[in-house]
Amino acid sequence: MNSTSDLTQGRPFKLIMRFFFPLLLTNSLQQLYSFADTAIVGKGLGDDSLAAVGNMSSLCFLIIGFSMGLSNGFSILIAQSFGEKNMDKLRRTLAHSIELAAVITVLLTLFSAVFLRPILILMRTDPSIIDESLQYGYILFGGLAATIMYNMCAGILRSLGDSKTPLKAIIVSSVMNITLNSVFIFIFHWGVRGAALATILSQIFSGAVCFDKLRKTDFLALSNSDFSHDAKMYSVLLGNGIPMALMNSITAVGCMAVQYFVNGLGVAFTSAYSACSRYLNMFMQPAATAGAAMSSYTSQNYGAKRFDRIWDGMKVCLGIAGAAYLVFGSVMVFFPEWLASLILSGEKQISYAAEFLPVCGVMILSVDMLFVIRNGVQGMGFPFVPMLSGIAEMVLRIGAIVLLIDSMGFKATAAAEIFAWVGALLINSAAFIVIFAREKAKYSDKQKCIANLAHSAR
């Protein structure tokens, strides 16, 4: 089946690692060019421009995270059909996913264009950086179709066990992004608009590469009948995609609330928080990638009803998360000032970031484990639990920042992250244990019933 991979057969460790490493390189390259963007903006345009771009991160997560959640929800159903070896169902699911994605792209683009300025004002964005935030945001959200196209196509490929094609797309896209960023900022002097435009152009390319791969995959060839109106299919897709989308957006609301308090402290704190957020996103990548691998692996094996393999996969992916914690948690704890100085220029900004990084570095294992376990729950087709944990994250994050900001200052932002991580981890861990045991027992009872009926017939 071309470059797809059947994750229901073979040694779990070997399969997951073969799927994991190309996906890790893909995600790491995405973070690398995001880091390069930040460094180029910070060093080339100054800390205030960095604050303007960083100020958009939580809002970007709100909009783009919603679309990513939908894409992931759709992809899980595609992976389950692939695991069942039901290609007719897979094609119908894919066709209806495309239709829904097109409608949602239009709605999200309109929403972000209309409400960008009011939301920035609501977040107490400093007047000195609001114009640059708007310049960056309008271009980024204007190109939302390219972002959604890439996320959809890459998510579908991963659900089919192909983590190599997205890697190929991102390799060239990363070089393109960094090159265009440098040209637009240092040669054309387009400021933050250049950074946003470079991101959109590179995403158009990466999305086109992934789409071309899907187009050339034989068993994904769609016919008019696959697009025939099926209300039940739309309902199933939205029932799985919307909770995952809301999980991301609800989490983003909590991050926006933290950004609100950070902005109230001053632009220097906004710059420092932007740098810290970049590092968190980058150092979470190995565990987040293990979570994505767990999602595809679990979805296919849940479709095939291979519960023993799901448990084996969980152990492998948690091992990856633990190894990542030992490496990156240590870097955050022991080298915070060095990390901060790679992005920031001002002494105050560096000192603020150096307060944040070690605190989160100690506890980053909790979010590393969360990525894996939450994706295990989602892969079994239970998106409402992660959505509820997203609500808990939001409540804990906002509660912590409100209660602690006066006494702890900027360190309260790190405490808010930790409270949110630990709370969500506890909820998803309990849910995975209960759901896994229940679904395994349900399938076992069904098989016994079928065996008894067959025996009676004889």
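Residues numbered from 1 in each chain as written. Predicted model: local features only at pLDDT ≥ 70, side-chain atom pairs only at ≥ 80, totals over all residues. Heavy atoms only, no water.

Filter applied, for reference: UniProt positions are given in the numbering used here, feature names are shortened, and annotations may be inferred rather than shown by experiment.
The name that an unreviewed UniProt entry assigns to the protein chain is Putative efflux protein, MATE family, with the source organism given as Ruminococcus albus. Taken directly from UniProt, the Subcellular location (unreviewed entry) text for the protein chain runs: "Cell membrane".

**Here's the deal with the overall build of the protein chain**
Definition in use: Helix and strand assignments come from DSSP, with helices taken as H or I runs of at least 4 residues and strands as E runs of at least 2, each series counted from the N terminus. Based on C-alpha atoms, the radius of gyration is set beside the globule rule, defined as 2.2 Å times the residue count to the power 0.38. In this scheme, a residue with accessible area under 20% of its type's maximum is buried, one over 50% is exposed, and one in between is partly exposed, where area comes from a 1.4 Å probe on protein chains only. Working convention for charge: Lys and Arg count positive, Asp and Glu count negative, and His plus the chain ends are omitted. By convention, charge coordinates are those of NZ in Lys, CZ in Arg, CG in Asp, or CD in Glu.
Looking only at helices and strands, the protein chain has 16 helices and 0 strands in total. For 458 residues, the compact-globule estimate of 2.2 N^0.38 gives 23 Å, and the C-alpha radius of gyration of the protein chain, at 22 Å, lies within 12% of that figure. The principal-axis extent of the C-alpha atoms belonging to the protein chain is close to 80 × 45 × 35 Å. Relative to its 458 residues, the protein chain shows a buried fraction of 58%. Within the protein chain, the 26 negative side-chain charges are centred at a point lying 11 Å from the centre of the 33 positive side-chain charges.

**Concerning helix H5 (residues 127-142)**
Our working rule: Any helix carries an expected span of 1.5 Å times its number of residues minus one.
With 16 residues, H5 should cover 22 Å at 1.5 Å per step; its first-to-last C-alpha distance of 23 Å lies within 8% of that length. Restricting attention to buried positions, one finds in H5 the residues Ile129, Ile130, Ser133, Leu134, Tyr136, Gly137, Leu140 and Phe141.

**A few points about helix H15 (residues 384-408)**
What counts here: Working definition for bend: take the seven residues up to and ending at a residue and the seven starting at it, fit an axis to each, and measure the angle between the axes.
Between the first and last C-alpha of H15 there are 34 Å, a value that for 25 residues agrees with the 36 Å anticipated at 1.5 Å per step. By the largest-angle criterion, Val402 marks the main kink of H15, which is about 30 degrees. For H15, every residue scored as buried is listed here: Val385, Pro386, Met387, Ser389, Gly390, Ala392, Glu393, Arg397, Ala400, Ile401 and Ile405. Backbone geometry just after H15 places Gly409 at a positive phi near 65 degrees.

**What about the nonpolar core?**
Rules: By convention a nonpolar core is built from buried Ala, Val, Leu, Ile, Met, Phe, Trp, Tyr and Cys residues, the set being connected through side-chain atoms within 4.5 Å. Segmentation of the chain into domains, including their bounds, is taken from an automatic or database domain assignment. Contact definition: two residues touch when any of their heavy atoms are within 4.5 Å.
In terms of nonpolar packing, the biggest core is built from 130 residues, with Leu59 and Phe356 touching the most fellow members. Lining this core are residues from two domains, each supplying at least three of them: domain 1 (1-229) and domain 2 (249-457). Apart from the residues within four sequence positions on either side, Leu59 is in contact with Leu116, Ile119, Leu120, Phe141 and Met256.

**Thoughts on the layout of surface pockets**
Note the cut-off: Here a cavity is any set of points on a 1 Å grid over the protein atoms alone where a 1.4 Å probe fits but cannot get out, and a pocket is any open set with protein on both sides within 12 Å along at least 5 of 7 lines; a residue lines the site when it has an atom within 4 Å of a point. Grid points are joined across faces, edges and corners, and a volume is the space filled by probe spheres set on the points.
Within this model, the largest pocket holds a volume of roughly 380 Å³. Around the largest pocket sit 17 residues that line it, and Leu94, Ile98, Cys153, Phe211 and Leu214 are the ones nearest its centre. Secondary-structure elements contributing two or more residues to the lining of the largest pocket are helix H4 (87-122), helix H6 (144-159) and helix H8 (191-215). Looking at the lining of the largest pocket element by element, the count peaks at 6 residues for H6. The calculated volume of the second largest pocket comes to roughly 180 Å³.

**Remarks on a nonpolar patch on the surface**
Let me state the cut-off plainly: Nonpolar side chains (Val, Leu, Ile, Met, Phe, Trp, Tyr) are joined into patches within 5 Å and like charges within 9 Å, using only residues with over 30% relative accessible area and no salt bridge. For every accessible area listed, the method is Shrake-Rupley and the probe measures 1.4 Å; residues are considered covered only by the protein chains on display. Salt bridges are defined as contacts in which a side-chain nitrogen from Lys or Arg sits within 4 Å of a carboxyl oxygen from Asp or Glu.
A cluster of nonpolar residues, Phe186, Ile187, Phe188 and Trp190, forms a patch on the protein surface that exposes about 420 Å² of accessible area. The residue Trp190 is located in the loop between helix H7 (164-187) and H8 in this model.

**Looking at the packing of aromatic side chains**
To be explicit about the condition: Pairing of aromatic rings covers Phe, Tyr and Trp, the last counted by its six-membered ring, and requires centre-to-centre distances within 6.5 Å; plane angles under 30 degrees mean stacked, over 60 mean edge-to-face, and any other angle means tilted.
One pass over the full model with this rule turns up 21 aromatic pairs. Ring geometry for Tyr273 versus Phe356: centroids 6.2 Å apart, planes at 80 degrees, classification edge-to-face. Pair noted here: Tyr273 is in helix H10 (residues 267-283) and Phe356 is in helix H14 (residues 347-379), with a separation of 83 residues, a long-range link. Measuring from centroid to centroid gives 5.6 Å for Trp311 and Phe436, while their planes differ by 35 degrees, and the two rings are tilted. Here Trp311 is found in helix H12 (residues 307-334), whereas its partner Phe436 is found in helix H16 (residues 411-457), with 125 residues between them in sequence. Look at Phe436 and you get buried, because its relative accessible area is 10%. Taken together through their ring pairs, the aromatic side chains of Tyr302, Phe307, Trp311, Phe432, Phe436 and Tyr443 make up a single cluster.

**Thoughts on the pattern of salt bridges**
Scanning the entire structure with this criterion turns up 12 salt bridges. For Lys85, the salt bridge identified is with Asp6, shortest N-O distance 3.2 Å. With Lys85 in the loop between helix H3 (57-84) and H4 and Asp6 in the segment before helix H1 (12-45), this pair connects stretches of sequence that are 79 residues apart. The residue Arg438 makes a salt bridge to Glu439 at a minimum N-O spacing of 3.5 Å. Take Glu439: its relative accessible area is 7%, and that puts it in the buried class. Salt bridges linked by common partners bring Arg374, Glu393, Arg397 and Glu417 together as one network.

**Concerning unusual backbone geometry**
Located in the positive-phi region is Lys85, a residue other than glycine, with phi close to 65 degrees. What makes Lys85 partly exposed here is its relative accessible area of 42%.

**Topic: the domain arrangement of the protein chain**
Test applied: Joining two parts hides part of their accessible area as seen by a 1.4 Å probe, and the buried area is that hidden amount summed over both. For the purposes of these results, a polar contact is taken to be a pair of N or O atoms within 3.5 Å, where, inside protein, one atom must be able to donate a hydrogen and its partner to accept one; residues adjacent in sequence count only when each atom of the pair is a side-chain atom.
Along its sequence, the protein chain is carved into domain 1 (1-229) and domain 2 (249-457). Spacing between the C-alpha centres of domain 1 and domain 2 amounts to 20 Å. Taking both sides of the interface into account, the surface hidden between domain 1 and domain 2 amounts to around 4300 Å²; carbon and sulfur atoms contribute 63%. At the junction of domain 1 and domain 2, the tally comes to 0 salt bridges. Our enumeration of links across domain 1 and domain 2 arrives at 13 residue pairs in polar contact (both at pLDDT 80 or more).

**Things to note about a positive patch on the surface**
On the surface, Arg11, Lys14, Arg18, Lys164 and Lys168 cluster together into a patch of positive charge. Among the secondary structure elements, Arg11 is positioned in the segment before H1.

**A closer look at empty space enclosed by the protein**
Filter applied, for reference: The nonpolar class holds Ala, Val, Leu, Ile, Met, Phe, Trp, Tyr, Cys and Pro. Asp, Glu, Lys and Arg form the charged class, and all remaining residues, Gly among them, are polar.
Summed over all chains, the structure comprises 2 cavities of 30 Å³ or more. Here the second largest cavity is characterised by a volume of approximately 60 Å³. What lines the second largest cavity is Ser67, Leu70, Ser71, Phe74, Ala101, Ile104, Thr105, Ile148 and Met152. Within the residue set of the lining of the second largest cavity, elements represented by two or more residues are H3, H4 and H6. The element that contributes the greatest number of residues to the lining of the second largest cavity is H3, accounting for 4 residues. In terms of residue class, the lining of the second largest cavity is built from 6 nonpolar, 3 polar and no charged.

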